[in-house]
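The chain contents come next:
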Amino acid sequence: TYGPRTVDLINITNNDICSLFYYSCSITNKFSTTQLNACGTIQTTALRTALGLPNWTPNVVLLKISGQETLADKMKRLAVKFFIKQISNNDYSPIHSCRQNLSIHLTKKDEESLLAHLTDLNISPNHIITLPKASAFQCEIYDIHTSDLGFQNKAQPTAFIEGLFNDFISNNFEDYFIIASKSLVQTSIAGISNQHSFVFRIHPINSIFTAEALAICQAIDDLSIPEKNLMNLTHSLSVLQVLKTFPSDLRGLSTACITKL
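Along each chain, residues carry numbers from 1 onward, in the same order as the chain's sequence is written. Totals for whole chains, interfaces and linings use all residues, but because this is a predicted model, local features are given only for residues with pLDDT of at least 70 and pairs of side-chain atoms are given and counted only at 80 or more. Calculation of side-chain values draws on the structure's entire complement of heavy atoms; hydrogens and water are dropped beforehand.

Visitor: Summarise the overall build of the chain; cite the residues concerned and give the values.
Guide: Here a strand is any run of E in DSSP of at least two residues, a helix any run of H or I of at least four, and the numbering for each starts at the N terminus. Within the chain, the secondary structure is distributed over nine helices and six strands. In the chain, which comprises 261 residues, the proportion classed as buried is 40%. Contacts are residue-level and defined by heavy atoms, with any inter-residue pair within 4.5 Å sufficient. In the chain, of all internal contacts separated by at least 6 residues, the share reaching a separation of at least 24 is 60%. Per-residue accessibility takes into account occlusion by the displayed protein chains alone, with areas from the Shrake-Rupley method and a 1.4 Å probe. For the chain, the accessible surface area stands at approximately 15,300 Å², while carbon and sulfur atoms represent 56% of it. Only protein chains enter the calculation, and the probe is 1.4 Å; a residue is then buried if its accessible area is under 20% of its type maximum, exposed if over 50%, and partly exposed in between.

This is how it looks when you write it as structure tokens:
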């Protein structure tokens, strides 16, 4: 047969039509019921076209067949996710606030929705791990490498990369690794060196990004040895790119956070 596949048409619906509402979820979640129903009509009309179903097909059946959720529910869920991320960003959030119960500026409706969602999860805003302030790193001297070390060049043969990596470790650092993992039910971090180790389970509402960042900070606290170089290995390039945005005078040579590509 010729023509686009149904799954591709559904992806077009999500990425080109519904994504406009998803991207602005922190605003569109405040729509009235009438406005949300109108948005839902746009979604269901697009899905009927993608699936080739008649107009009388019930919305419940339509969403079930396409594996989608209602536009209103997803916008509200994404809005809560957005606000939780802003709390996690702490001082780096553009809507940061010094309020005691929540650290971000919210409308009354958004605050009630967020607190209700957290209550359903049996947690409070205090359970959300936040990024440390830049001043917290002033006592640390560290250097971040994401691509400039020899073993980070993936174009080289694997055996050659492994040799460069082992030589680099043996000549410069105590060998240890940090790990962060996330499943549907839990998020965990762990680190191990020649002399110390740590293992923690954090609330699953925290993202793998937060877990990776926490693992790096925890490794610096728990595994560092005075007057010795320390290397953090992580595959989370995004975390290191965020850390590199900190003031350059906070970075030095004694601690290296290295992503092994």
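Visitor: An account of the packing of aromatic side chains is requested, with residue identities and associated values reported.
Guide: Stacked, tilted and edge-to-face are the three classes assigned to paired rings of Phe, Tyr and Trp, where Trp is represented by its six-membered ring and a pair needs centres within 6.5 Å; plane angles under 30 degrees give stacked, over 60 edge-to-face, the rest tilted. Scanning all chains against the criterion turns up one aromatic pair. Judged by centre distance (5.4 Å) and plane angle (65 degrees), the rings of Phe 82 and Phe 83 are edge-to-face. Looking at Phe 82, the relative accessible area reads 31%, which means it is partly exposed.

Visitor: Lay out the side chain of Thr 187 with the relevant residues and their values.
Guide: Within the element layout of this structure, Thr 187 appears in strand S3 (residues 187–192). The class of Thr 187 is buried, set by a relative accessible area of 0%. In this structure, Thr 187 is in contact with Ser 181, Lys 182, Phe 200, Arg 201, Ile 202, His 203, Pro 204, Asn 206, Ser 207 and Ala 211, ignoring residues within four places of it in sequence.

Visitor: Any chance you could break down helix H3 (residues 33–51) for me, citing the residues and the numbers?
Guide: Across its 19 residues, H3 extends 26 Å between first and last C-alpha, which sits within 8% of the 27 Å expected from 1.5 Å per residue. Taken together, the buried positions of H3 are Leu 36, Cys 39, Gly 40, Gln 43, Thr 44, Ala 46, Leu 47, Arg 48, Ala 50 and Leu 51. Looking at the residues trailing H3, positive phi occurs at Gly 52, about 70 degrees. The span one expects for a helix is its residue count, reduced by one, times 1.5 Å.

Visitor: Can you explain the packing of helix H1 (residues 6–23) against helix H5 (residues 71–89)? Please cite residues and give values.
Guide: Helix axes use the C-alpha atoms of the stretch in contact, all axes being lines fitted to C-alpha atoms, and the angles between their N-to-C directions lie in the range 0 to 180 degrees. Across the interface, H1 lies against H5 with an axial gap of 9 Å and an inter-helix angle of 40 degrees. As the angle between them shows, H1 and H5 are arranged oblique. For the pair H1 and H5, the crossing hand works out as right-handed. Of the residues in H5, those in contact with Cys 18, Phe 21 and Tyr 22 of H1 are Leu 71, Lys 74, Met 75 and Leu 78. Each residue belonging to the contact of H1 with H5 can be placed in one class, and the counts come to six nonpolar, no polar and one charged. Our angle categories are set so that under 35 degrees counts as roughly parallel, over 145 as roughly antiparallel, 65 to 115 as roughly perpendicular, and the remainder as oblique. The handedness criterion is simple: a crossing whose near helix is rotated anticlockwise from the far helix by less than a right angle is left-handed, and one whose near helix is rotated clockwise is right-handed. In this classification, Asp, Glu, Lys and Arg are treated as charged, Ala, Val, Leu, Ile, Met, Phe, Trp, Tyr, Cys and Pro as nonpolar, and every other residue, Gly included, as polar.

Visitor: Account for the state of the cysteines, naming residues and giving values.
Guide: Disulfides are defined in this document as cysteine sulfur pairs within 2.5 Å. Counted under the stated rule, the structure contains zero disulfides. The closest cysteine sulfur to the non-disulfide-bonded Cys 39 is located on Cys 18, 9.6 Å from its own sulfur.

Visitor: Which residues make up the nonpolar core, and what are the values?
Guide: General note: in soluble globular proteins, nonpolar side chains tend to be found buried as a group. As used here, the term nonpolar core means buried Ala, Val, Leu, Ile, Met, Phe, Trp, Tyr and Cys residues forming a set that is joined through side-chain atoms within 4.5 Å. Membership of the largest hydrophobic core comes to 22 residues, with the highest contact counts inside it found for Leu 71 and Leu 114. Contributing elements (two or more residues each) for this core: H1, H3, H5 and helix H6 (108–120). Filtering out sequence-adjacent residues up to four positions away, Leu 114 remains in contact with Val 80, Phe 83, Ile 84, Ile 87, Leu 102 and Leu 106.

Visitor: Just give me the short version of the pattern of salt bridges, but keep the residues and values in it.
Guide: By convention in these notes, a salt bridge is any Lys or Arg side-chain nitrogen within 4 Å of a carboxyl oxygen on Asp or Glu. For the structure shown, the criterion picks out two salt bridges. Between Lys 30 and Asp 110 there is a salt bridge whose closest N-O contact spans 2.7 Å. Separated by 80 residues along the polypeptide, Lys 30 in the loop between helix H2 (25–28) and H3 and Asp 110 in helix H6 bring together distant segments of the chain. Given a relative accessible area of 3%, Asp 110 falls into the buried group. The shortest N-O distance in the salt bridge between Arg 77 and Glu 69 comes to 2.5 Å.

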